[in-house]
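Breakdown of the fold
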Amino acid sequence: MALKSSIRNLRNNPTFLFVRLPYILSFLCIVAGVIWLFLLPLNDYSRRTYISENALLPGQVHAYFSGSEQHIFRGYKKELEGLLGRNVGNNGGDEVQGQGEEQEQKNEERTPVISEKIQSILKASGLKVATQGYEYTSSGITHQGENIYAIIQAPRGDATEAIVLVAAWKTVDGELNLNGVTLGLTLARYFKRWSLWSKDIIFVFPPDSKSGTQAWVDAYHDMQPDTVQPLPLKSGALQGGLVVEYPFDHRFENLHIVYDGVNGQLPNLDLFNTAVSIAGGQMGIGARLQEMWEHNGKYEKRLQTMLRGMVKQGLGYAAGAHSSFMPYHIDAITLQTKGNGWQDEMALGRTVEGLCRSLNNLLEHLHQSFFFYLLMQTHRFVSIGTYLPSAMLIAGNFTIMAIALWIRTGYYKGPVGSSKPAAEPRDEKTSEKGKTPLVPEDQVSNAQDPTSTATERQLALPLTLVVGLHLLGLVPLYIFNNLSHETYPLATYTSIATNAILPLTLAPLLSRNTTTAQQTHLIKSLSLLLLGLFLSTLATLNFSLSFMIGLLCAPLSFVHRFSTESKPVRYALSSLTLVFLNILSPPIVLLAGCAYFGADVETVLTEAAFGWDVWGMWTQVVVWCVWWPAWVVGGAVVGSSLF
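Let me begin by describing the structure that accompanies this report. Just so you know, the residues in each chain are numbered from 1, in the order the chain's sequence is written. Confidence filtering applies because this is a predicted model: local features only for residues at pLDDT of at least 70, side-chain atom pairs given and counted only at 80 or more, and all residues used for totals across whole chains, interfaces and linings. The side-chain values count all of the structure's non-hydrogen atoms but skip hydrogen atoms and water molecules.

What follows is about the overall build of the chain. Each helix and strand in the chain was counted, giving 19 helices and 15 strands. A simple rule labels every residue: compare its accessible area, found with a 1.4 Å probe on the protein chains alone, to the largest value its type can have, and call it buried under 20%, exposed over 50%, or partly exposed in between. Relative to its full complement of 643 residues, the chain shows a buried share of 52%. We call two residues in contact whenever any of their non-hydrogen atoms come within 4.5 Å of each other. The contacts of the chain with a sequence gap of at least 6 include a subset with a gap of at least 24, amounting to 82%. For the chain, the exposed surface amounts to about 27900 Å²; the carbon and sulfur share of it is 58%. What counts as a helix is a DSSP run of H or I of at least four residues, what counts as a strand is a run of E of at least two, and both are numbered from the N terminus. A 1.4 Å probe and the Shrake-Rupley method give the accessible areas. Residues count as covered only by the protein chains that appear here.

Following this line, the structure appears as structure tokens:
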């Protein structure tokens, strides 16, 4: 009886049911989503990693890369150092003859000689060798070079499958990867002597880690642009990829495993687990991830590691040369040497050998383990079924508010049978003089009046405005991806000024003198409905990006047009809300992020444009065609209170 009475009371109180309850539910969804995320590092919500594919057999074979191979490594390295113009000292370090632009020019002049030397080494080892030229232009910067690659044909295979080993001349941080390239050449000679390979092994030596690998992978699948040459030599379907980065001369302590791909794509978890098992279990090399050099396994470190991974996944940029393989469903990781310890190039070579032999055991493409996960340490992760509700709850708050606003717009206040809607909704809670409502217009329900009745929704203006703003987002998307890199700071500040003016320009269209409360609610409802739809769909593809955009857009569910009759109060509330919304605009958030991470705006936007042009990164689409239109609608709705 008590339950029936409560339900009857709710039905008789539509103000609470259709006005206040949606705000409460939306707020609870946001809070629950954030709390859910912070619970993930606990043992009750995370799981220990494990190998799903039994055929990998990580660490079950003996690695023979040692002994005389170290002399080969030193010989190759000395030859390359001679071509680079380096003087090797007695302390094992090296001194570059010339610095700055002069040294860069010298290296460019030596590039053809170095290329010929690498080709001669590979040919002498008995491999088939080919080259590929490429050129990309992005933000007024031209990226060009020549990839060198060689193929070991599997003695026990039929050239239908292959493994890729990449050693770029420059690491993802722009450092010279001399030891990594030398190790790649040494491994090519070493692998050629073995007859156990059932898959072809391809060694790729691109000039850099950003454009060279992408050009090679695109051409391998015949998806290259006109400025990239096709590959004269190919093998079978690529089953996996390994990237080696060893940019310094001293010994290392740990292996940093980089696994983040473009647009938040991740390799199969089995590949990561295999690398950790071989490095730590068989070779005794410590494995690290997300630049967490000291990890004690406690909650704080787990949370920090997980959040770092979410930031990289959400931004969607390529974390290394391995990222270029992800769009083609090729699992790949990068092995970076870090620290100063007692591990040498032979230990890294044995690790790579163990990984290649594990991939060589595969009977089919990696598929049994997870492709969607959050790692919080090398031996603990969270699967998509556990972390997805966090982003879905935040996206759901927009849908709840959109549905509530849509229901409210189907009623108007007036005599039954009348077709004329009321000019302004009123709230039963008024001051003694009956002039100033105590509740904002957005929280006033027409359905509370017994004379309210259904009415036709006027959708022309709301649909035109919402669709038009989403199409307008293509303008900044095009501009920021096609400007020259020198103009990016100016474009960012211009965008800030434009964002401050645009909502105020649209606000007169939504003022109380030109639109009804129904149309204002419809505009906000359609905008929030699209936002919730986009973010809930995005959460299944890039959870981190959906979560971050959802948090930044959360205030849009609660902003409204103020209707108090006191102009000073209305102007003050509207102005403060507009200032708050401008702080959460995309360009302001970009500047705040750059300041927090110590990055340069020009560098960040140049990398973003390069990602759009070369990597196929679509983070900008989400920013300008999903987040920005919803933000403009929120600002216009609030700004209409000023007119």
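Turning our attention to the packing of aromatic side chains. Working definition: a ring pair exists when centres of Phe, Tyr or Trp rings (six-membered ring for Trp) sit within 6.5 Å. Plane angles under 30 degrees give stacked, over 60 give edge-to-face, the rest tilted. Applying the stated criterion to the full structure yields 21 aromatic pairs. With centroids separated by 6.1 Å and ring planes inclined at 45°, the aromatic side chains of tyrosine 134 and tyrosine 136 adopt a geometry described as tilted. Residue class for tyrosine 134 comes out buried when judged on its relative accessible area of 3%. With centroids separated by 5.4 Å and ring planes inclined at 15°, the aromatic side chains of phenylalanine 480 and tryptophan 624 adopt a geometry described as stacked. With a gap of 144 residues between them, phenylalanine 480 in helix α12 (residues 474-482) and tryptophan 624 in helix α19 (residues 619-639) connect regions that are remote in the sequence.

What follows concerns the pairing of strand β8 (residues 237-245). Taken across its 9 residues, β8 has 8 buried, putting it largely inside the fold. The sheet contact formed by β8 and strand β11 (residues 332-343) spans 5 bridges and is parallel. Note on β11: the bridge partner recorded for valine 244 is leucine 335. Note on pairing: DSSP must find at least two bridges between two strands before they are called paired.

Our next topic: the nonpolar core. By nonpolar core is meant a set of buried Ala, Val, Leu, Ile, Met, Phe, Trp, Tyr and Cys residues that side-chain atoms within 4.5 Å join together. The biggest cluster of nonpolar side chains holds 68 residues, and the ones touching the most others in it are Ile118, Leu122 and Phe203. With sequence-adjacent residues up to four places away left out, isoleucine 118 is seen in contact with Leu80, Ile148, Trp169, Val181, Leu185 and Phe205. Counting residues in hydrophobic clusters, the runner-up holds 48 residues, among them Cys553, Phe562, Cys594 and Trp631.

A word on unusual backbone geometry. Residues other than glycine seldom take positive phi values, yet asparagine 263 does so here, at roughly 60°. Along the chain, asparagine 263 falls in the loop between β9 (252-258) and α7 (269-282). With relative accessibility at 6%, the residue asparagine 263 sits in the buried group. Although it is not a glycine, glutamine 290 adopts a positive phi angle of roughly 55°.

Let's shift gears to the sheet that holds strand β7 (residues 200-205). Strand pairing in a sheet is mediated by backbone hydrogen bonds. Such pairs are either parallel or antiparallel. Strands sit in the order β4-β5-β7-β6-β8-β11-β9-β10 across an open sheet of 8 strands; the sheet is mixed. Each having just a single partner strand, β4 (128-138) and β10 (286-288) make up the two edges of the open sheet. Going from strand to strand, the sheet's axes swing by 25° on average, the running direction of each strand aside. Helix axes are fitted to C-alpha atoms over the stretch in contact, other axes to C-alpha atoms as well, and angles between N-to-C directions run from 0 to 180 degrees. Across the sheet, helix α6 (residues 212-220) lies against β4, β5 (141-152), β6 (161-166), β7 and β8, angled at about 115° from β4, the strand it touches most. Docked against the sheet, α7 engages β8, β9, β10 and β11, running at close to 170° with respect to β9.

Our focus in this paragraph is a nonpolar patch on the surface. Where nonpolar side chains cluster on the molecular surface, the patch consists of Ile24, Leu25, Phe27, Leu28, Val31 and Ile35 and spans about 510 Å² of accessible area. As for its placement among the helices and strands, isoleucine 24 is situated in helix α2 (residues 14-39). The partly exposed category is assigned to isoleucine 24, whose relative accessible area is 39%. Residues forming no salt bridge and having over 30% relative accessible area are the ones grouped into patches, like charges within 9 Å of each other and nonpolar side chains (Val, Leu, Ile, Met, Phe, Trp, Tyr) within 5 Å. Salt bridges are counted wherever a side-chain nitrogen of Lys or Arg sits within 4 Å of a carboxyl oxygen of Asp or Glu.

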